[in-house]
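Notes for the structure review
Residues per chain are reported as follows:
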Amino acid sequence: PRLLSQFFFADERVTRVVAEINGLDAEQDPQQYLVLLNQLHLSQAHLLAVLERIMEECIPTQRHSRDYLVKFPEELLVDNLGNHMLFAAECLLAGTFLEMEESDGAQLRPQARNLLCSLELVRTVLREQSLSQPNSYPEPVRAVLIQFDRLFAEFELSYVSSLVAVKSPDEIYRQQEIIVLFCETVERALHLGYLTQEMIDGYEPLLMFTIPRLAVISGLLIYPEGPLSLERSPEEMSRVFSPFYNLLKKIRDLLRVLSAEELCLLERSLCTAE
């Protein structure tokens, strides 16, 4: 159950697979080479997972901030992102610039080298610690973990930023505005009896349609200075709503002529119609 013991055996598996790959002629046995590459990928992913747990146990208050992850496109936020970063660093160090321009890859190579050297140091230190005192993390161990955590975060941000357009602070703020709008919409709908707490607790599928519909009305009439504010230009709105700028203006103009009773009837119908 000790994490350092788990790390030792995970590290042994990585070392064994690497040795098999180095001793294999890929041209003579390409099928076995692909099998070993897959084993290496899986064993490295397990090693990083154990290392992540060790850092959470050893340096929980000294971890490098990962706030930058909110800037990443959602499709990149997957469980194996860390392993992909490690593979990318290995490719960069070998001179293979996957998915990016050679000039960008050349700029990232020093960071990749520092990250991989730091990982090797971590592996060495943790192996030694697991064989001597597997129940403790002395200061030298903590120091190498803190350094690795920082270098990993810095490389992750730099690498992803070179591949995709990360969200700007303005975009993140607009996204948070939408979250607030949806929360206030749900609160208002509960207060007015359009929705029930049981529907929310039970993940009623109809809510996927109901809440966005009600949010449009709330954003146009109830909270007109929020993310659906039509006083902004389309470029200043969230990309979720900007393509529908002209349609939203038409909807707002129609809503403004409704009486309170008619608005209530409309909102109730939006909670039931498919």
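Parameters at a glance
- Residues numbered from 1 in each chain as written.
- Predicted model: local features only at pLDDT ≥ 70, side-chain atom pairs only at ≥ 80, totals over all residues.
- Heavy atoms only, no water.
- Disulfide = S-S within 2.5 Å.
- Buried < 20%, exposed > 50% of the residue type's maximum accessible area, 1.4 Å probe, protein only.
- Domains from an automatic or database assignment.
- Helix = DSSP H or I, 4+ residues; strand = E, 2+ residues; numbered from the N terminus.
- Axes fitted to C-alpha atoms, helices over the stretch in contact; angles between N-to-C directions.
- Left-handed = near helix turned anticlockwise from the far one by under 90°.
- Contact = heavy atoms within 4.5 Å.
- Nonpolar A, V, L, I, M, F, W, Y, C, P; charged D, E, K, R; others polar.

A word on the state of the cysteines
Summed over all chains, the structure comprises 0 disulfides. No disulfide involves cysteine 91; its sulfur sits 16 Å from that of cysteine 117, the nearest cysteine. Just so you know, cysteine 183 is unpaired, no disulfide at all, and the nearest cysteine sulfur is the one on cysteine 271, 17 Å from it. For cysteine 183, a relative accessible area of 49% gives the class partly exposed.

Looking at the domain arrangement of the chain
How big an interface is tends to be stated in terms of accessible area lost as the parts join. Along its sequence, the chain is carved into domain 1 (3-163) and domain 2 (169-272). Here the C-alpha centre of domain 2 lies 43 Å away from the C-alpha centre of domain 1.

Thoughts on unusual backbone geometry
Backbone geometry places tyrosine 203, a non-glycine residue, at a positive phi of 55°. Tracing the chain through its elements places tyrosine 203 in the loop between helix 7 (197-201) and helix 8 (207-222).

Some points on the packing of helix 2 (residues 30-58) against helix 3 (residues 81-93)
Helix packing for two helices is described by the angle between their axes and how far apart those axes are. Contact pair helix 2 / helix 3: the axes reach a minimum separation of 9 Å and the direction vectors enclose 120°. Note on packing geometry: the crossing formed by helix 2 with helix 3 is right-handed. Residue-level contacts link His41, Gln44, Ala45 and Leu48 of helix 2 to Gly82, Asn83, Leu86 and Glu90 of helix 3. Its residues assigned to classes, the contact of helix 2 with helix 3 comprises 3 nonpolar, 4 polar and 1 charged.

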